[in-house]
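Each chain, written out:
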Amino acid sequence: MSSEIHRTTCVLDCPDACALEVEVREGRIESIGGSRDHPNTNGFICGKVSGFADRVYHRERLLHPLRRLGAKGERRFESTSWNDVISKIRDRFREIQSRWGGEAILPFHYGGSNGLVTDGLLDALFFSKLGASHLEKTICAVPTTEVALGVYGKMPGVAFEDFVHSRCIVVWGANPKASNIHLVPYLRQAKKKGAFVATVDPRRNFSAEEVDLHLPVRPGTDLPVALAMISLWEREGSLDSEFLQAQAVELEPLLEQARGWSLEQAAAVAGVEAADIERLARKVAATSPAVIRCGWGLERNRNGGQAVAAVLAMPALLGKFGVRGGGYTMSNTGAFRFDPETVVGPLDNTTRSINMTRLGRALGGDLDPPIKALFVYNANPAVTVPDQRAVLRGLARDDLFTVVFDQVLTDTATYADLVLPAATFLEGRDLRGGYGSYVVGGVRPVVAPRGEARTNMAVFSALGRAMGWDEEPFHWDEETVFRRVAEATEMTGRRPDGDRLEAGGCERHDFPGPEPIQFETVHPRTADGKIHLTPSVLGPEPYRFEAPDDGLPLSFISPASSRMINSTLGESNCPRLMVDLHPLDADVRGIQSGDQVRVFNDLGEVACVAAINERLRPGVVAMPKGAWRHASLNGETSTALCPDHLNIVGGAACFNDARVEIEKTGP
């Protein structure tokens, strides 16, 4: 039997939102490739997605609803029916509501690898009707989002395709090779045409042939580096005063803080050469077009929000806008708009809020009312939330009714009372708005769900009906939900073609001209249309630098990897957990590549294998985020070492505030 090619869109947590072509033979996925009907995919995709069929057919794939038999964490379950689990959830939720109130129920979810249909729609309606506690989704992108809204109102950024027009490119706090691969060809094209390319990151992710300057700052010190650059520009008269007077407000608080940082002071704190900071500053100031690709790595500490604000201010300070390839790029979700309430009706978010970064504390039992039920979907908190030991203690509570709805038996699912099998994005409908590429893509089922797996729409609809609620959305079929979401989505002033999206195609935004040009065809979306260089989200002491805690000698980072998307694919793509350290740090500790080591601090300890990596700066060790517990030698992973500190901007997680020591434990 011949194979068929089906079109769909990748929903995984990546800016690219690739268009896919999936080869299917006799109902089974044969291969997954990239389509050329997309501004950036251009026929190639990452290895994570090209191998996603491994998850669809993995031995840990959940095919039937399960109920727990043994103790929590033992992985002992038996199959049951959907009618059984739906009725059990209904009965327990009603019991908890009557004894403790709806706020004793906590939904835990994160939508990075989901679209507009499968996160924040029928699930939001269900938990709103239930009166459940509201989850503050703070694990990722909160400081960057808050700052981008405050400074520019999430103005659309420089398109990836336009990086080839830039003469100076700064990639700050991002590693496109791991989580934005379709930017890399444009960087190489620009470099070939003579552009100056620089990266700011504790790790060297590009070769000397690919970039002109690498600034390996210590984690948490991006802010003084940015302020020192701004201070130099002011002293040398490089600021574009005419542009700032016409387009910006709240300049002085930023300049006041910047004046306190010399190049030498910033270099000493960041652990880099003052001459390198100066070289970068002068190159950005003197070159046009210049673009800054601001990533999410620099937000993961107590200074993160302030650092993002200072970096995003740079194109405005120098007047780099108004030309193709000039300005900044971060998240481009501002290019499309979607309000779920236009589809499902008003949502009640007046219940108490619980910060997901402090899930361990929330499950500790000190809240009033206490959390008595936890419903986990689109997430794997056992390995993604700071202070892992506290999270696991909470998940192990016998009095906590836990439901996990996922595609495979995750580490979190092993603690569940009920486990619900979820469909993958290749088995259901969704609609994905790119947050890098300027596309909205339709997601369609290319194969039938395996076993009894169900989509988010199907499960939350069934739960709503089981509760006896009459709201119309709980009675829609999946095609109706998809169509209504497509009709409610706005793309740069127009509605997308629903038929095209339903067929798995993608729609490109329509900007005046080929791509958006900041301050030419797109402008700030703040209330007054101005750039706010000191947004109120920075708090009462904007741009104040808080020195990292140096109680232990090594800074610890847990960046994205090329093998996993957060914790997705950790069931197979990370069989052995490695910790990277610089040769100098290894030598003084008598550690060689392949040695068994313990990485530890007061919060936890990870037993794993050492990997000597000269691309990492001295004084920093790195472990991939999202690794599952089976990958380590003691069942603890990177989040066991991460404090649950909160950034003043958005109460966000501060993973990179972690400080550790490392010791050899065996050959």
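Note: the structure precedes this text.
Here is a short report on the structure shown in this document. Because the structure is a prediction, the values reported are computed rather than measured.

## Remarks on the nonpolar core
Okay, so step 1: Counting residues in hydrophobic clusters, the biggest one holds 71 residues, and the most contacted among them are Trp172, Leu280 and Ile531.
Okay, so step 2: Top element by residues in this core is helix α13 (residues 304–318). It accounts for 11 residues.
Okay, so step 3: Non-local contacts of Ile531, meaning those with residues more than four positions away in its chain, are made with Val151, Tyr152, Phe243, Gln247, Ala248, Val249, Ala316, Phe321, Phe519 and Pro524.
Okay, so step 4: Membership of the second largest hydrophobic core comes to 55 residues, among which are Leu359, Leu400, Ala413 and Val419.

## Things to note about the pattern of salt bridges
Okay, so step 1: Counted by the stated rule, this structure contains 44 salt bridges.
Okay, so step 2: Of the charged contacts in the structure, one is a salt bridge between Glu427 and Arg61, with a shortest N-O distance of 2.7 Å. Of the two residues, Glu427 sits in the loop between β18 (418–421) and β19 (430–433) while Arg61 sits in the loop between α2 (53–56) and β4 (66–68), which places them 366 residues apart along the sequence.
Okay, so step 3: Exposure remark for Glu427: the relative accessible area of 3% places this residue in the buried category.

## Observations concerning the packing of aromatic side chains
Okay, so step 1: Scanning the model with the defined rule gives 23 aromatic pairs in all.
Okay, so step 2: Seen in terms of ring centroids, Phe127 and Tyr377 are 6.2 Å apart; in terms of plane orientation they differ by 15 degrees. Their pairing is stacked. Of the two residues, Phe127 sits in helix α4 (residues 122–130) while Tyr377 sits in strand β16 (residues 373–377), which places them 250 residues apart along the sequence.
Okay, so step 3: On the basis of an interplanar angle of 85 degrees and a centroid distance of 5.7 Å, the ring pair of Trp261 and Phe545 is categorised as edge-to-face. In this pair, Trp261 sits in the loop between α10 (252–258) and α11 (263–270) while Phe545 sits in the loop between β23 (531–532) and β24 (554–557), placing the two residues 284 residues apart along the sequence. Of the two residues examined, Trp261 and Phe545, each falls in the buried class.

What counts, and at which threshold
- Residues numbered from 1 in each chain as written.
- Predicted model: local features only at pLDDT ≥ 70, side-chain atom pairs only at ≥ 80, totals over all residues.
- Heavy atoms only, no water.
- Core = buried A, V, L, I, M, F, W, Y, C linked by side-chain atoms within 4.5 Å.
- Buried < 20%, exposed > 50% of the residue type's maximum accessible area, 1.4 Å probe, protein only.
- Helix = DSSP H or I, 4+ residues; strand = E, 2+ residues; numbered from the N terminus.
- Contact = heavy atoms within 4.5 Å.
- Salt bridge = Lys/Arg side-chain N within 4 Å of Asp/Glu carboxyl O.
- Phe/Tyr/Trp six-rings, centres within 6.5 Å; stacked < 30°, edge-to-face > 60°.

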